[in-house]
Amino acid sequence: MKSLLFLGLSACLSAPLGHAANSTIYNPIFPGFYPDPSCIFVPEWDDTFFCASSSFNAFPGIPIHASKDLQNWKLIGHVLNRKEQLPRLAETNRSTSGIWAPTIRFHDDTFWLVTTLVDDDRPQADFTRWDNIIFKGKDPYDPASWSNAIHFNLTGYDPEPFWDVDGKIYINAAHAWQVGPYIEQAEVNLDTGEVGEWNIIWNGTGGLAPEGPHIYLKDGWYYLLAAEGGTGVNHMVTMARSKNVSGPYESYENNPVLSNANTTSLFQTVGHADLFQDGNGNWWGVALSTRSGPEYFHYPMGRETVMTAVSWPEGEYPTWTPISGEVSGWPLPPAALDIKGVGPFVNHPTPEILTFSNASSLPAHLTHWRYPNPSSFVVSPPEKPNTLRINPSNINLTALNGNYAGPGGQSFISRRQQDTLFTFSVDLDFSPTGVEEEAGVSAFLTQNHHLDMGVVLLPPSASTATLLPGQSQEQEEEALIPQIRFRGESYVPVPKPVIAPLGVGPAGRQSLMQTLLYASNDPVSWGFTGVLLGVYATNNGRNGTTPAYISNWQYLPQGQFRD
């Protein structure tokens, strides 16, 4: 049985790719689920900019994008790309757990990535909630270059490394804010994870949850940048400075330096920023933002990365250009697309058509939720070439309780929603034989926020998948027929489940398609992540083993807007 499954969602607004010849930045520079940006400019690596993003429970984790012109950004790989680097990601509990904000830096010919694996179901004062880790690598284009995690003790999160002029190395981090809202610092050995005594260096300006600290040494001052206000509509960037790396830090009188709070801008929740220079010494800033407007209801693409120009006169605090869909900035480097790496350009709104041809591998931008079972995904299997075979997982996308999935993995693979208007479709070859065997497409935000449409084997009554009174297992299986089913999961109301007969017709004949239902994107606008569009296969806790075969995967952007 072969079916065409089709999914369309309307989000907020999206941005077109800018042209490297002018001095306009089009936001977001990383559309879709790419929050908590940290960026550097590395002249030693062919004058290239590198940016890291948080990834929570997504795998591969901690994506790295590279650019030579600040306009064309290519996914070059992921820091977390092997299970043995950080096995505990398989066991996180809660959709807000996983890899929180990273900081990427380059020092002594080595790339350093410092971040936190958070178990968000545990109390903030429980030090086991915060697994702070260091990765290091010599070649960001080579996944194998990135080390296994080096762990260090910190009851907090958002760590960053800082090398002082006297050779000492520090970690700056946010303490667990519900326990003590402040920024703290300790000396560290980055090779071993050994840390010294933690000392409070700044309490912030009084905003909620001071976090995301970065220190920059400029003109004899240590400038401390942080986020405050929480990662909602009151998010903001604040700064302080000191003549000593360990403080005391004096808050800037004109804080916040960047925020879209209390505005009507489409771009809200602006915060968690980082600063870097280009090859001409001009300053730029990146931050996270959601395209929700002040209503903050509809933002399925989640927290994205935006960029702006920054003016930083000698001896003064920097001035940030406010975030909007188009930002005028410094002259840009010459356009350049000659970037190594296996992934696509993240901000090129081009059609994506995957054929899963023989001898190909899974594209680098495709994403799982936690570690998958590697044997569950086979590209171009011998029995059905030019397809992706997906063996079903025992758990579905909600998994055990909407938060925990266990160590076995979910048979789900996806790509980020990056456009306001789009279509996502696949050809599905699936011949289920057991009750509740299911394969389909999903707009997946987290285990407790997703909208699914699939082909599932059910009794003709379709009112229940359990045995009817007096019916044997054998009688039930004899009566089963494949049907189309929609189900949704969210903290807000979702459409009721819909079960409909499976239509028959030539694949690709969109004129014969029928609309099953309309759903708001409100149920998948929540939390720290963004919508993943993908395919799944499950036996829904039964014993089925029938694989699904996916082909003609298409993600087609249909509209681009800016403001």
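Everything in this summary refers to the structure shown in the same document. All figures in this text were calculated on a predicted structure; none of them were measured in a lab.

### Considerations on the pattern of salt bridges
- What the rule picks out here adds up to 19 salt bridges.
- With its nearest N and O atoms 3.2 Å apart, the salt bridge here joins Asp36 to Arg303. Here Asp36, found in the loop between strand S2 (24-26) and strand S3 (38-42), pairs with Arg303, found in the loop between strand S23 (283-291) and strand S24 (304-311); they are 267 residues apart in sequence, far enough to count as distant. Of the two residues, Asp36 and Arg303, both sit in the buried class.
- Asp119 is paired through a salt bridge with Arg122; the nearest N and O atoms lie 3.8 Å apart.

### Quick word on the sheet that holds S23
- Pairing is antiparallel across the open sheet formed by four strands, whose spatial order is S22-S23-S24-S25. The open sheet has two edge strands with one neighbour each: strand S22 (267-277) and strand S25 (319-320).
- Here two bridges tie S24 to S25, and the two strands are oriented antiparallel to one another. Paired with Ser311 across the strands is Thr319, a residue of S25.

### A closer look at the nonpolar core
- Residues Leu388, Ile390, Ile413, Phe424, Val535, Ile550 and Trp553 are the most contacted members of the largest nonpolar core, which totals 32 residues.
- Those elements that provide at least two residues to this core are strand S29 (377-379), strand S30 (388-390), strand S32 (421-430), strand S33 (438-446), strand S34 (449-458), strand S35 (481-489), strand S37 (532-538) and strand S38 (548-559).
- Leave out the neighbours within four places in its chain, and Ile390 touches Ser376, Phe377, Ser411, Ile413, Val535, Ala537, Pro547, Ala548 and Ile550.

### What about unusual backbone geometry?
- With an omega of 10°, the peptide bond between Gly247 and Pro248 qualifies as cis.
- With respect to the secondary-structure elements, Pro248 resides in the loop between strand S20 (236-242) and strand S21 (250-251).
- In this model, Asp108 sits at a positive phi of 55°, which is unusual for a non-glycine residue.
- By the secondary structure assignment, Asp108 is in the loop between strand S9 (103-107) and strand S10 (110-118).

### Some remarks on the state of the cysteines
- Counting across every chain of the model gives one disulfide.
- Paired through a disulfide, Cys39 and Cys51 show a sulfur-sulfur distance of 2.0 Å. Here the S-S torsion is close to 110°, and the disulfide linking Cys39 with Cys51 is therefore right-handed. One end of the pair, Cys39, is in strand S3; the other, Cys51, is in strand S4 (residues 48-52), with 12 residues separating them in the sequence. There is no split in this pair, since Cys39 and Cys51 are both buried.

### Side note on the packing of aromatic side chains
- Counting across every chain of the model gives 30 aromatic pairs.
- Ring geometry for Phe30 and Trp73: centres 5.2 Å apart, planes at 80°, overall edge-to-face. Highlighted residues: Phe30 in the loop between S2 and S3 and Trp73 in the loop between strand S6 (61-67) and strand S7 (74-80), separated in sequence by 43 residues.
- Residue Phe30 is classed as buried on the basis of its relative accessible area of 0%.
- Among the residues examined, Trp73 registers a relative accessible area of 0% and is labelled buried.
- Ring centres 4.7 Å apart and planes at 55° place the aromatic pair Phe106 and Phe111 in the tilted group. For the pair Phe106 and Phe111, one class covers both residues: buried.
- One aromatic cluster in this structure is built from Tyr216, Tyr223, Tyr252, Trp283, Trp312 and Tyr317.
- Cation over ring: Arg241 sits above Trp221, and NZ or CZ is 3.8 Å from the ring centre.
- The ring of Tyr555 carries the charged tip of Arg415 above its face, separated from the ring centre by 3.8 Å.

Reading guide: rules and limits
- Residues numbered from 1 in each chain as written.
- Predicted model: local features only at pLDDT ≥ 70, side-chain atom pairs only at ≥ 80, totals over all residues.
- Heavy atoms only, no water.
- Salt bridge = Lys/Arg side-chain N within 4 Å of Asp/Glu carboxyl O.
- Helix = DSSP H or I, 4+ residues; strand = E, 2+ residues; numbered from the N terminus.
- Buried < 20%, exposed > 50% of the residue type's maximum accessible area, 1.4 Å probe, protein only.
- Pairing = 2+ DSSP bridges.
- Core = buried A, V, L, I, M, F, W, Y, C linked by side-chain atoms within 4.5 Å.
- Contact = heavy atoms within 4.5 Å.
- Disulfide = S-S within 2.5 Å.
- Phe/Tyr/Trp six-rings, centres within 6.5 Å; stacked < 30°, edge-to-face > 60°.
- Lys NZ or Arg CZ within 6 Å of the ring centre and 35° of its normal.

Bear in mind that shape data such as this cannot, by itself, settle questions of function.
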